[in-house]
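# Report on the structure
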Amino acid sequence: MAEAVLIDLFYLKLNSQKNCPQTLLKTLNAVQHHHAAKAKFLCIKCCSNSYERHGEQDNCELETSNGLSALLEEFEIVSCPSMAASLYTIKQKIDERNLSSIKVIVPRHRKTLMKAFIDQLFTDVYNFEFEDLQVTFWGDSLKQSIEINIITAEELREIQNEIETYLRSLPALKGELTLLTSPLIPDIFIHGFTTRTGGISYIPTLSSFNLFSSSRRRDPKAVVQENLRRLAGAAGFNVQKFYQVKTDHSNNIWIMGRKEPDSYDGIATNQRGVTIAALGADCIPIVFADPVKKACGVAHAGWKGTLLGVAMATVNAMIAEYGCSLEDIVVVLGPSVGPCCFTLPKESAKAFHSLHPACVQLFDSPNPYIDIRKATRILLERGGILPQNIQDKNQDLNLCTSCHPDKFFSHVRDGLNFGTQIGFISIRE
């Protein structure tokens, strides 16, 4: 049984005294009868003003009488000037109620269009079921009986443009966009570490500057892309030349210019104007820079990647590919979970204790506390990076992500639907 029911009247001019047939009343009655007991959200989507697409004018007006008024009280009416605005508003209402099973009742000839918008604005967290809306207006029964099965590439781009334009109009949430930087990295590079403020993501654990979308989260790619566009504008890099790690909690490194692996937790490059990024939400986003050879790298270091040596694997890739010297490479560790909040089962903690006892607190407990930042510094120093060229204890960069919900996302704190911040770097053009 659907948790939410959406009826699409977006393209219809509804006037109960003149145009609204008994079939519409029957449809609304049927929805109310079958779903009101269990559905937590009943919604009618219509257009707030005249709206044109492909030469058609959409003008939806709900004027109520003859029994329609009382029936509509059971439904929430969302009236917006565009499909993107309407569906995004409905998505917010669905997410506020934490719903995921949705029935969409839509005129047959608009079903493919509706699905195309839904594909852009929703993720696999949601389950959609579609039903034909059997209503005829203006005597145009032939058009409504024909289902359009294909969205052309041009039409899809129009849909994406409409969504992008709407998302750009939304205000930033939770304050202004804030970037953390390090004085160790010279100005020939653009770099930074993001926090959670200044984006448009509204779901509590993703709000507001989430920079990663997946099938298990409610933030669609379109929202993440808008957050990224705002980041690029603030930092001054080209969003069209942005690449981030494809995390596998390993020590694989992609050398840009070579064939891209299926997954990798580090990237190295000497290409100007290309921005590379590592994800973090308790794991450490690490940025590497060599101002002498003008090369840079990023790495994503969770506890597994830390033990596998992903940080030094990135360093070694820069040395092998670009002729970098150990003494010239500077390394900055972005915000991550601290030893105050991160535990592992004792069997897993043993590897950190073997690396150095200082990496583990309460080692004799069933779930010792682990310091992945200290472990990363130890491995970098053992690999030959100069201690003064490693920044891991400076102001906000050293704050525990789990302890500071106002500043950072955290998997440990927020669970599976957590947001993601990044560390990024590029060589100025």
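In the block above lies the structure referred to throughout.
Remember, it's a predicted structure, so these values are computed and weren't measured experimentally.

On to the side chain of Thr-275. Mapped onto the fold, Thr-275 is located in strand β15 (residues 275-280). Here Thr-275 is in contact with Phe-237, Lys-241, Phe-242, Tyr-243, Phe-424, Ile-425 and Ser-426, once residues within four sequence places are set aside.

Ordered by their spatial adjacency, 5 strands build an open sheet running β7-β3-β1-β8-β9, and the pairing between neighbours is parallel. Edge strands, defined here as strands with exactly one partner in the open sheet, are β7 (76-80) and β9 (127-132). Within this sheet the neighbouring strands show an average axis-to-axis angle of 20°, counted without direction. Looking at chain direction, strand β3 (residues 41-47) and β7 are connected through 5 bridges and run parallel. Residue pairing in the sheet places Cys-43 in a bridge with Glu-76 of β7. Sitting on the sheet, helix α3 (residues 83-96) touches β1 (4-8), β3, β7 and β8 (101-106), and the angle it makes with β3 is about 165°. Sitting on the sheet, helix α4 (residues 111-121) is in contact with β1, β3, β8 and β9, with an inclination near 165° to β9.

Okay, unusual backbone geometry next. In this structure, Ser-208 follows Ser-207 across a cis peptide bond, with omega equal to 0°. Looking at the element boundaries, Ser-208 is found in the loop between β11 (189-194) and α7 (221-235). You will see that His-249, though not glycine, has its phi angle at about 55°, which is positive. Mapped onto the secondary structure, His-249 falls in the loop between β12 (242-244) and β13 (253-255).

This part takes up the sheet that holds β15. Strand order in the open sheet made by the 5 strands is β10-β11-β22-β15-β12, with mixed pairing throughout. Bordering the open sheet on either side are β10 (179-180) and β12, each of which pairs with just one other strand. Examined bridge by bridge, β10 and β11 share 2 bridges and lie antiparallel to one another. If you follow Leu-179 over to β11, its bridge partner there is Thr-194. Strands in contact with α7 are β10, β11, β12 and β22 (421-427); relative to β22, the strand with the most contacts, it is inclined by about 45°.

Rules behind the numbers
- One numbering rule holds for all chains: residues counted from 1, following each sequence as written.
- For this predicted model, a pLDDT threshold of at least 70 governs which residues receive local features, and a threshold of 80 or more governs which side-chain atom pairs are given and counted, while totals over whole chains, interfaces and linings are taken from all residues.
- For side-chain calculations, the full set of non-hydrogen atoms in the structure is used, while hydrogens and water are omitted.
- In this text, helices come from DSSP runs of H or I with a minimum length of four residues, and strands from runs of E with a minimum of two, each type numbered from the N-terminal end.
- The contact definition used throughout considers only heavy atoms, calling two residues in contact when any of these lie within 4.5 Å.
- Strand pairing follows a simple DSSP-based rule, namely that at least 2 bridges must link the two strands.
- Angles run from 0 to 180 degrees between N-to-C directions of axes, and those axes are lines fitted to C-alpha atoms, restricted for helices to the stretch in contact.

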